[in-house]
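One letter stands for each residue in the lines below.
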Amino acid sequence: MGLSHASTGAGAIDLGLDLSKTSPEDKVIALAGNPNVGKSTVFNGLTGLRQHTGYIC
């Protein structure tokens, strides 16, 4: 199994996701890792949000 366009999330750019900074002080941070290692838990802990990921058919 290798890295594909879908598995890396590279398609997010094609979906119109805007990752541009609005000021020089803004930071762009990415959480990357294997499945089920706690990326969403870390994100939710840092932001205070209750976001989740998943695919709905």
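Everything that follows concerns the structure shown earlier in this document.
Report on the accompanying structure. What you see is a predicted model, and the numbers here were worked out from it, not measured in a lab.

Brief notes about the overall build of the chain
Okay, step 1: A count of helical and extended segments in the chain gives one helix and zero strands.
Okay, step 2: Split into buried and exposed, the 57 residues of the chain put 2% on the buried side.
Okay, step 3: About 5600 Å² of surface is accessible on the chain, with carbon and sulfur atoms providing 59% of the total.

Thoughts on a nonpolar patch on the surface
Okay, step 1: Taken together, L31, V42, F43, L46 and L49 make up a surface patch of nonpolar side chains, about 470 Å² in accessible area.
Okay, step 2: Within the element layout of this structure, L31 appears in the segment before α1 (39-47).
Okay, step 3: The class for L31 is partly exposed, based on a relative accessible area of 45%.

So, unusual backbone geometry
Okay, step 1: With phi around 60°, N36 is a residue other than glycine that occupies positive phi space.
Okay, step 2: On the basis of relative accessible area, N36 is assigned to the exposed category, the value being 82%.

What about the side chain of N44?
Okay, step 1: Checked against the element boundaries, N44 lands in helix α1.
Okay, step 2: Judged by relative accessible area, which is 18%, N44 ranks as buried.
Okay, step 3: Every residue in contact with N44, bar those within four places of it in the chain, is listed here: L49, R50 and Q51.

Reading the values: the criteria
- Residues numbered from 1 in each chain as written.
- Predicted model: local features only at pLDDT ≥ 70, side-chain atom pairs only at ≥ 80, totals over all residues.
- Heavy atoms only, no water.
- Helix = DSSP H or I, 4+ residues; strand = E, 2+ residues; numbered from the N terminus.
- Buried < 20%, exposed > 50% of the residue type's maximum accessible area, 1.4 Å probe, protein only.
- Areas by Shrake-Rupley, 256 points an atom, 1.4 Å probe, with all protein chains shown as cover.
- Patch = residues over 30% accessible without salt bridge, like charges linked within 9 Å, V, L, I, M, F, W, Y side chains within 5 Å.
- Salt bridge = Lys/Arg side-chain N within 4 Å of Asp/Glu carboxyl O.
- Contact = heavy atoms within 4.5 Å.

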